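Chain by chain, the residues:
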Amino acid sequence: GTGGRKGTAKLDYLRKIEQEIQEKWQKEKAFDVTLSVREAQRSFCSKNKYFVTFPYPYMNGRLHLGHTFSLSKCEFAVGYQSLKGKKCLFPFGLHCTGMPIKACADKLKREMELYGNPPQFPDEDEEEKEKEKENVSDEIIIKDKSKGKKSKAVAKTGTATFQWDIMRSLGLNDQEIAKFANAEHWLEYFPPLAVRDLTKMGVKVDWRRSFITTDVNPFYDSFVRWQFITLKERKKIKFGKRYTIYSPKDGQPCMDHDRQTGEGVGPQEYTLIKMKIVEPYTAKFNGMKGKNIFLVAATLRPETMFGQTNCWVRPDMKYVAFETASGDVFISTSRSARNMSYQGFTKENGVVPVIMEILGQDVLGCALSAPLTSYKVIYALPMLTIKEDKGTGVVTSVPSDAPDDIAALRDIKKKQALREKYGIEDKMVLPFEPVPIIEIPGFGNLSAPLVCDELKIVSQNDKEKLAEAKEKVYLKGFYEGIMLVDGYKGQKVQDVKKPIQKMMVEKGEAMIYMEPEKQVMSRSADECVVALCDQWYLDYGDAEWKRQANEALKPLETFCDETRRNFEATLAWLQEHACSRTYGLGTRLPWDEQWLIESLSDSTIYMAYYTVAHLLQGGVLNGQGASPLGIKPQQMTRDVWDFIFFKTSPFPKTDIPKEHLQRLRREFEYWYPVDVRVSGKDLVPNHLSYYLYNHVAIWPKDSGKWPQAVRANGHLLLNSEKMSKSTGNFLTLTQAIDKFSADGMRLALADAGDTVEDANFVETMADAGILRLYTWVEWVKEMIANQNNLRTGPADTFNDRVFAAKDKYRELAIEGMHRDLVFQFIERQTLLLAPICPHLCEYTWGLLGKTGSVTKASWPVAGPVDEILIRSSQYVMETAHDLRLRFKAYMQPPKSKKGDSKPPAKPSHCNIYVAKSYPPWQHSALSLLGKHYKSNNGALPDNKVIASELGALPELKKYMKRVMPFVAMIKENLEKNGPRVLDLEVEFDERAVLMENLVYLTNSLELEQIDILFASEADDKVKEDCCPGKPFCVFRSEPGVCVSLVNPQPSNGLFSTKVDIRQGDSKDSVVRRLAKVNRLIKDLSRVKLMRYEDPVLGPRRVPVLGLEERGKLPISNKSVFSISLEEKRVTLADNGLTVDIGDTLVYLVQ
């Protein structure tokens, strides 16, 4: 999985530094945060503290990169805020409450009971047969063909839905796995691994405050019991029957965290329409004389029942007739009967008393009396497309408003053969016509027939067209439909839905029925139902409590609008939340111990527990060690907790020493509120909203304790794809550190993304980051080793003054980098990077000879910014860029007509012209624009206006073709760069800035010489093309004579080179030219240039080792070269003497 990575030497180097630094931190207890009494007593405003939290992760496995991305935001914030001088706290708890751990442990236990230890699992075919057998015995469960496919989990892992195989895939052996059949073993095994992995990442966590949840931890258990007693006393917790998604197999509600599929699915409410079978009954129902028999249909549109013309059943579908609590008989599918049995429809909860199983064809042609319709009797007719995964399998038929119904009704009216096949008589079908009940603008009062005709739908099998028809009719019908029936005439459909439902229920013609919106499977592989359960629930729907939660949301910093909108939407719809379970791990409800508090309810104010955890449990995760203050869990009574968390609460009756309790209260009062909580955005609709609710419930009068900020992030993609264990695109935290080092991973996480959108961790970026970090450390070491060779003295060259970024400075500072600036840069860069890559920064800090930790240092303060200097530096960069472009253009002239164009020789010289002022016509145009800009407060008139005004100026007459394009360009630059564009001259001396950077410009273009001239001294073409801030350049090739430069010194890799000598060259210009072609020559002052005494024979003699200068004469700084191009000759004038140098010169590097 390393994707073809090269050697890991650099990675190993970084990892080694990290391990050393982590040991140093551990020794120094660098992140243990302790309050002095003086700090604790500071007033609220002078408290300079920062408290961050991350939702404690669930301990059924290792932490993965997704967790890490989210918590890295806390980690970076703490790093930054502590450099800004704040006292920071980042505590980290570990969550064990809820179903999954217990469910997995029980699965392992079951697997050992069934298959032995270690288990011998059967192969797949046998398993399937076993399943078939199970299904036969349990008569109500009819195997659903459409769900016969394997579950997603099975499909992914072959047969690895055995918990044992999942444990094996975590790298555990059989002996280890057996221990996990005990739920407590999970609590001993995974939490320490989480701590170890996070420590390896280098997080600034005070581990003394860490804990696990559930009643295994007596201190945390006591805290949660206190929270719930307080909530109950404040009337936030109620008891009663509530509709909830429920797993019959687990015998308890099935919340999001307990589901294998169907996360976020809630109960869907239907109106159950009772259609009474008219006596006399057919032979099939002979045994039920005297009982009322109803076909029951579930509808979402009770207001359309006025238009029923028949009802639909599927001839080959299995239905059950069962007895209800009132003694009536209902007919529906067994799936819906199972749901009804958990909603009080039957005598005994969860039991369906089946009288008989029937097929749809057994009730075809039955006469029915249905509510609200204008037809006295309607009939049960066949529809072949009914599904059994929704509703009851019995479907109402309203052909005026439902496209499916009109299509099916037309089919059976048209096709006599179809009627005969199912024994349907003509009188049951032909007299029935659609009834106008709702007027929809644009579709009239029989919308379904109209739309079906428009779309040319010919039968009930035109699936796609029917779907389109439904979309058209339903939406418009709901929002714009107007009722036409008596009693509701003229009212909107959306306003009468509820009243019509209520009226039918009161008359006994309908009932309320619920089922899950979509299929929900529990983790124990049971299809869930909606049940009416006895439950303790948190009443988040309570109007006053909701209002307070909204109060807390108003000042909350959410860092982006989307998060705020998600909060607002959630607070608007949030209703009761069941907080009790009968199965799993957790804390028991103090007043009703058969119930456990579920995981989204014991996790809402535990951030307050962090503030005192270290003094109660002192670093022992399960709270079963000795308390640093000698406090026993049983001493933590309700009054004691009240005293700690409520500053007005009186001192309790207790044998805990007063100063200990005051210390606990001081810790809480100092650290609270939470300054920012960071979490995935998927927790906004549940956990984070409950977090707001519970804070206002516990501290209703003290808004100073309410959450200050919530930062929600998107999901983390890995290499632009979803992370998923099954596809293998997945990294745990510890794998990522092994692969990229902690700082390498942290750098890539910082780079992955910052908003609510999905972020992306890219492995190639992480690899590149490792190289950059390694190179940085190496460069720092090189600078320290080399510091005596760096320039000292005043730091006042142009580049010293600008020094914007290291690489540019290295390249531009031909005069050498300044020592003080280099080290100031290293120090600042180290501080800026410290929150993200603390290990390397701590290491660099040490290299710089600093005492103390970089984590205790101060964030660098930016000095005043010299805007003009920055702009002049930008100007140098832009000019260099512009020169390069023109250089390229010069080297590639347009092809000539004849096609024999030879590329020009590489230029050696360049004149750069700078203009002090604009050419007169541009000057006039700009002045005019400037005048308008000022008088129109920052707006320019229309081009037409400008054109006519400029046209009136005599000096512009002959330039009119060029004036308007110039105006257009100025307008565009004005948008981009603001009003400076209208200045008539530049705010710095262009020539002086370019002169200071002459060497850089000359080198970067590999030119011999650049002259900087004023445009006013040039010809007209240059004057026209040159304006302030936009220099113009002219390249040329100065001819030269080619000479060999030879180095006679042994084994130094300096070879002979050909160089052009030009008219007027000096020794320095030749040496510079040599250094351009020979990169090994770094220090030009060490080069000695010599000529042969005998220019003809000298070059032919073999040099003697140690006597390299024999027969050669030095060339002095005063010498001047002259050339004759015709004769290809070079002469040298020195001190009035002119000599011929031949075709070879000698250079020595000393």
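Basis of the calculations
Residues numbered from 1 in each chain as written. Predicted model: local features only at pLDDT ≥ 70, side-chain atom pairs only at ≥ 80, totals over all residues. Heavy atoms only, no water. Domains from an automatic or database assignment. Axes fitted to C-alpha atoms, helices over the stretch in contact; angles between N-to-C directions. Helix = DSSP H or I, 4+ residues; strand = E, 2+ residues; numbered from the N terminus. Parallel < 35°, antiparallel > 145°, perpendicular 65-115°, else oblique. Left-handed = near helix turned anticlockwise from the far one by under 90°. Contact = heavy atoms within 4.5 Å. Nonpolar A, V, L, I, M, F, W, Y, C, P; charged D, E, K, R; others polar. Expected span 1.5 Å × (residues − 1). Buried < 20%, exposed > 50% of the residue type's maximum accessible area, 1.4 Å probe, protein only. Core = buried A, V, L, I, M, F, W, Y, C linked by side-chain atoms within 4.5 Å. Pairing = 2+ DSSP bridges. Phe/Tyr/Trp six-rings, centres within 6.5 Å; stacked < 30°, edge-to-face > 60°. Salt bridge = Lys/Arg side-chain N within 4 Å of Asp/Glu carboxyl O. pLDDT = per-residue confidence, 0-100.

Undergrad: So what's going on with the domain arrangement of the protein? Which residues, and what values?
TA: As assigned here, the protein comprises domain 1 (267-516), domain 2 (918-974) and domain 3 (1046-1059 + 1085-1149). If you average the C-alpha positions of domain 1 and of domain 2, the two centres end up 76 Å apart.

Undergrad: For the packing of helix 31 (residues 920-935) against helix 32 (residues 943-951), give the residues involved together with the corresponding values.
TA: Axis separation between helix 31 and helix 32 bottoms out at 11 Å; the angle between their running directions is 130°. When the axes of helix 31 and helix 32 are compared, the pair comes out oblique. The chirality of how helix 31 crosses helix 32 is right-handed. Residues Ala925, Leu928, Leu929 and His932 of helix 31 form the contact with helix 32, whose own contacting residues are Ile946, Glu949 and Leu950. Here the contact of helix 31 with helix 32 is built from residues that sort into five nonpolar, one polar and one charged.

Undergrad: Describe helix 16 (residues 493-506), and please don't skip the residues or the numbers.
TA: Taking 1.5 Å of rise per residue, the 14 residues of helix 16 would be expected to cover 20 Å, and the 20 Å separating its terminal C-alpha atoms lies within 8% of that figure. Within helix 16 the residues assigned to the buried category are Val493, Val496, Ile500, Gln501, Met503 and Met504. Tucked inside the fold, the buried residues of helix 16 contact strand 6 (267-277), strand 15 (438-439), helix 15 (463-480), strand 16 (482-483) and strand 17 (510-516). Gly508, located one to two residues past helix 16, shows a positive phi value of around 80°.

Undergrad: Help me get a handle on the nonpolar core, residues and values and all.
TA: Core analysis: the largest hydrophobic core is formed by 91 residues, its most contacted members being Leu65, Phe92, Trp186, Leu198, Met745, Phe761 and Ile826. In this structure Phe92 touches Phe54, Pro57, Leu71, Leu198, Val205, Trp207, Ser210, Phe211 and Tyr610, once residues within four positions along its chain are discounted. By size, the runner-up hydrophobic cluster in this structure holds 70 residues, among which are Phe51, Phe211, Ala552 and Phe668.

Undergrad: So, the pairing of strand 35 (residues 1120-1124): which residues are in play, and what are the values?
TA: As paired strands, strand 35 and strand 36 (residues 1129-1134) are joined by five bridges and run antiparallel to one another. Looking at strand 36, one finds that Phe1121 is bridged to Leu1132. Between strand 35 and the antiparallel strand that follows it, strand 36, lie four residues; Lys1128 among them carries a positive phi value of about 55°.

Undergrad: So what about helix 31? Which residues, and what values?
TA: With 16 residues, helix 31 should reach 22 Å at 1.5 Å per residue; the first-to-last C-alpha distance of 23 Å fits that figure. Positive phi shows up at Asn937, right after helix 31, with a value of about 25°.

Undergrad: Would you mind going over the pairing of strand 24 (residues 710-713) in detail, with residue names and values included?
TA: Residues Val710 and Ala712 line one face of strand 24 and the alternating positions Arg711 and Asn713 line the opposite face, and both faces are buried. Direction of pairing for strand 23 (residues 676-680) relative to strand 24: parallel, over a ladder of four bridges. Looking at the pairing, Arg677 lines up with Val710 of strand 24.

Undergrad: Go over the sheet that holds strand 30 (residues 1032-1036), please, and point to the residues and values.
TA: Strands in a sheet are paired, the pairing made by backbone hydrogen bonds, and the direction either parallel or antiparallel. Across the sheet, which stays open at both edges, the three strands sit in the order 29-28-30 with mixed pairing between neighbours. The open sheet terminates on both sides in strands that have one partner only, identified here as strand 29 (1009-1014) and strand 30. Each neighbouring strand pair of the sheet contributes to a mean axis angle of 20°, computed without reference to strand direction. The pairing of strand 28 (residues 909-914) with strand 30 spans five bridges and is classified as antiparallel. Each residue of the ladder has a partner; that of Asn911, found in strand 30, is Val1034.

Undergrad: Before we move on, could you go through the packing of aromatic side chains and cite the residues and values that matter?
TA: Summed over the entire model, instances satisfying the criterion amount to 63 aromatic pairs. Ring centres 6.5 Å apart and planes at 65° place the aromatic pair Phe330 and Phe345 in the edge-to-face group. Note that Phe330 is positioned in strand 10 (residues 329-332) and Phe345 in the loop between helix 11 (334-341) and strand 11 (354-359), a separation of 15 residues in sequence. Since its relative accessible area comes to 2%, Phe330 is described here as buried. Arranged with centres 5.7 Å apart and planes meeting at 55°, the rings of Phe740 and Phe761 form a pair that is tilted. Of this pair, Phe740 sits in helix 23 (residues 733-740) while Phe761 sits in strand 27 (residues 759-761); the two residues are 21 residues apart in sequence, bridging distant segments of the chain. Taken individually, Phe740 and Phe761 each receive the classification buried, so the pair is uniform in this respect.

Undergrad: I'd like to hear about the pattern of salt bridges, residue by residue, with values.
TA: A complete count under the given rule lists 54 salt bridges for this structure. Its salt-bridge partner being Arg242, residue Glu576 comes within 3.3 Å of it at the nearest N-O pair. Of this pair, Glu576 sits in strand 20 (residues 576-578) while Arg242 sits in strand 3 (residues 237-247), and the two are 334 residues apart along the sequence. Here Asp526 and Arg338 are joined by a salt bridge, their closest N and O atoms 3.2 Å apart. One end of the pair, Asp526, is in the loop between strand 18 (521-522) and strand 19 (529-539); the other, Arg338, is in helix 11, with 188 residues separating them in the sequence. With relative accessibility at 23%, the residue Arg338 sits in the partly exposed group. Because the salt bridges share partners, they merge into one network encompassing Asp32, Asp206, Arg208, Arg209 and Glu667.

Undergrad: Outline the confidence of the model for the protein, listing residues and values.
TA: Per-residue confidence for the protein averages 84 on the pLDDT scale, and 91% of its residues sit at or above 70. Confidence over residues 130-160 falls short of pLDDT 50; this stretch has 26 contacts with residues more than four positions distant or in other chains.

Undergrad: Requested: an account of the environment of Glu1017, with residues and values cited.
TA: On the secondary structure map, Glu1017 appears in the loop between strand 29 and helix 36 (1020-1025). Sequence separation of Glu1017 and Ala915 is 102 residues, and the distance between their C-alpha atoms is 9.9 Å.

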